[in-house]
Every structure is written in C-alpha cells, then in structure tokens.
Amino acid sequence: MGLKGKRRIFYTIWLLVLFSGPLTVFLNTPYSLIVTDEIILINTFQRITGLLAFSLIFIQILLGAYMDRWVQIIGAKAYRFHVVQGLMTYSVIFIHPLLNSALTYAVSKNLGDVILGFVPAFSSQREIFLSYGKIAFVLVTISVFAAYFRTKPFFRRNWKAFHILNYLVFILVAFHSKGVGTDVSTFPFNFLYWVFVSGIAFIILHKLYLKYLKTLSVSHEAS
C-alpha cells in the first residue's frame, strides 16, 4: 500500500476515535434537554471535551513513543501532525475545566464556588477523583511549557523526565474520568477506554523492557 493510502487509513481511524467521544455523550443525553436546559448544554460540552482530551492524550503518547515507526508508516508529516495535535490537545484540556467553572456558576451563581473549584480537595471520594483531573492539568501544562522551550539547555537535558509526565497525566485522567463520569462506562467509549488503558500499559512495559535490554547489553560490553 502506498503512503497516501496509509495516511487515509490513519486519518480515518483518528477521526473515528475522536468522534466516539461526542457520539457517546449524545447517546447518553436526550436532545430535547440539550437545547432547552442551559445546565445540560454546558455539561454536554464539558463531557465532550473531557472524552476528546482523554482520546487525544492517548494518541499523543502513542505517536511520541514510536515516532520513528510512524514516520515510516505515514511519512515525514507524522512529526508535524504530532506537534499540531499537541496544541489541539492542550486547547481541549484547557477548555474542559473552564466549562466546569461555567457549570458551577450556572448551578450556584456564586463566584466563590467557581474559585474554590480550582483548588484540589480530598474530603470525599468524588473530590479525590476531581483532584486527579486538577493535578493532571497542572502536569500537562508543565509538559507543554517544556515542549515549547525544548531547545533551551535545561529542558533539552531533562526532556525525558518531562516527557514521562505525559504518562502520569494519562493515568490521572483515566482515574478522573472513571471516577466522576459515566460516559466512559457506556458504549462506544467503554470499549475505547480499555483499549487506551491497555495500550498505555503495553507502551510502558515495552519501554521498560527495551531499557532493561539496553542496560543488559551495556553490562555485557563492560564485562
């Protein structure tokens, strides 16, 4: 198969993965409520951005972990796609808590509640899962900041450490979405949720295995 054919398949799968989030939300939410209830409307978009963010984080990690392989599959545009999608991912992640703030204000009409919503809390199980999302937002912001300044000596020296933050972000978001939402437990996103979790687990184990083999090879050469 030619390069164009591979790209078409890649973009088709990419679109299907992203579309699964909004589809799940709309299947779980009556259309009549979306167009007539302000709170339901805000909540709908909040849930959509949450699922989109989760999907995009997974794809970003998958691309970044095997970039050399993706270049062979879809060509040199793979790196540019990774960069552009990174900006898209952070934009969606940034919008998600803003929508949560809008939802909080729509319900309480109290700016104090909106401000407190940004502060991690651990007094209940739900607040703990919400805090996972807040911590993930801080970490992904640090990761994006490091990526933007990756040519600077400090960030270049510690790039791997900053890159690992993406895995931690994914884990936190996985717990966050499972703990506070119901969409990840319903079709079709329930299937993708476990594909994502299994995929990240495989990548981590594979990277650790490759690191082990490299360490083993160095020790053999030294002896």
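Residues numbered from 1 in each chain as written. Predicted model: local features only at pLDDT ≥ 70, side-chain atom pairs only at ≥ 80, totals over all residues. Heavy atoms only, no water.

Caption draft 1: Structural view of the environment of tryptophan 70. Within the fold, tryptophan 70 resides in helix α4 (residues 67-74). Using a relative accessible area of 17% as the deciding quantity, one classes tryptophan 70 as buried. Placed 12 residues apart in sequence, tryptophan 70 and histidine 82 show a C-alpha to C-alpha distance of 10 Å. (Helix = DSSP H or I, 4+ residues; strand = E, 2+ residues; numbered from the N terminus. Buried < 20%, exposed > 50% of the residue type's maximum accessible area, 1.4 Å probe, protein only.)

Caption draft 2: Seen up close, the nonpolar core. Formed by 45 residues in total, the largest nonpolar core has its most connected members in Phe54, Phe170 and Phe196. Of all the elements in the fold, those that place two or more residues in this core are α1 (3-28), α3 (38-65), α4, α5 (77-108), α7 (125-148), α9 (159-180) and α10 (189-222). Among the elements that make up this core, the one with the highest residue count is α3 (12 residues). Not counting the four nearest positions on each side in its chain, phenylalanine 196 is found in contact with Val17, Phe54, Ser55, Phe58, Phe170 and Phe189. (Core = buried A, V, L, I, M, F, W, Y, C linked by side-chain atoms within 4.5 Å. Contact = heavy atoms within 4.5 Å.)

Caption draft 3: The arrangement of the environment of serine 108 in detail. If you trace the backbone, serine 108 turns up in helix α5. Within the local environment of serine 108, its side chain forms a polar contact with the side chain of aspartate 113, the two groups lying 3.3 Å apart. (Polar contact = N/O pair within 3.5 Å; in protein donor to acceptor, adjacent residues only side chain to side chain.)

Caption draft 4: Fine view of the layout of surface pockets. The calculated volume of the second largest pocket comes to roughly 1,100 Å³. Lining of the second largest pocket is provided by 45 residues; of these, Gln46, His96, Asn100, Leu130 and His176 occupy positions nearest its centre. Looking at the lining of the second largest pocket, the elements with two or more residues in it are α3, α5, α6 (111-116), α7 and α9. Among the elements that take part in the lining of the second largest pocket, α5 stands out by supplying 11 residues, more than any other. Here the lining of the second largest pocket is composed, by residue class, of 25 nonpolar, 14 polar and 6 charged. (1 Å grid on protein atoms, 1.4 Å probe; cavity = no way out; pocket = protein on both sides within 12 Å on 5 of 7 lines; lining within 4 Å. Points joined across faces, edges and corners; volume = space filled by probe spheres on them. Nonpolar A, V, L, I, M, F, W, Y, C, P; charged D, E, K, R; others polar.)

Caption draft 5: Focus on the packing of aromatic side chains. The tally for this structure, following the rule as stated, stands at 17 aromatic pairs. A ring pair is formed by phenylalanine 94 and phenylalanine 137, whose centres lie 6.1 Å apart and whose planes are at 40°; its orientation type is tilted. Of this pair, phenylalanine 94 sits in helix α5 while phenylalanine 137 sits in helix α7, and the two are 43 residues apart along the sequence. When its relative accessible area of 40% is taken as the criterion, phenylalanine 94 is described as partly exposed. Measuring from centroid to centroid gives 6.0 Å for phenylalanine 189 and phenylalanine 196, while their planes differ by 80°, and the two rings are edge-to-face. (Phe/Tyr/Trp six-rings, centres within 6.5 Å; stacked < 30°, edge-to-face > 60°.)

Caption draft 6: Inspection of the confidence of the model for the protein chain at higher detail. The pLDDT averaged across the protein chain works out to 88; a share of 95% of its residues lies at or above 70. Averaged pLDDT values for the elements of the protein chain fall to 68 in helix α8 (residues 153-157) and rise to 95 in α3. (pLDDT = per-residue confidence, 0-100.)

Caption draft 7: Summary view of α1. Between its first and last C-alpha atoms α1 spans 38 Å; for 26 residues at 1.5 Å apiece the expected length is 38 Å, and the two agree. Its maximal kink placed at serine 20, α1 deviates by approximately 30°, while the proline proline 22 follows within four residues. Within the span of α1, buried status applies to Gly5, Arg7, Phe10, Trp14, Val17, Leu18, Ser20, Gly21, Pro22, Thr24 and Val25. (Expected span 1.5 Å × (residues − 1). Bend = angle between axes of the 7 residues up to and from the residue.)

Caption draft 8: Inspection of the packing of α1 against α4 at higher detail. Contact pair α1 / α4: the axes reach a minimum separation of 8 Å and the direction vectors enclose 120°. It follows that α1 is oblique to α4 by the angle criterion. In this structure, α1 contributes Leu3, Lys6, Arg7 and Phe10 to the contact, and α4 contributes Trp70, Gln72, Ile73 and Ile74. Tallied by class, residues from the contact of α1 with α4 come to 5 nonpolar, 1 polar and 2 charged. (Axes fitted to C-alpha atoms, helices over the stretch in contact; angles between N-to-C directions. Parallel < 35°, antiparallel > 145°, perpendicular 65-115°, else oblique.)

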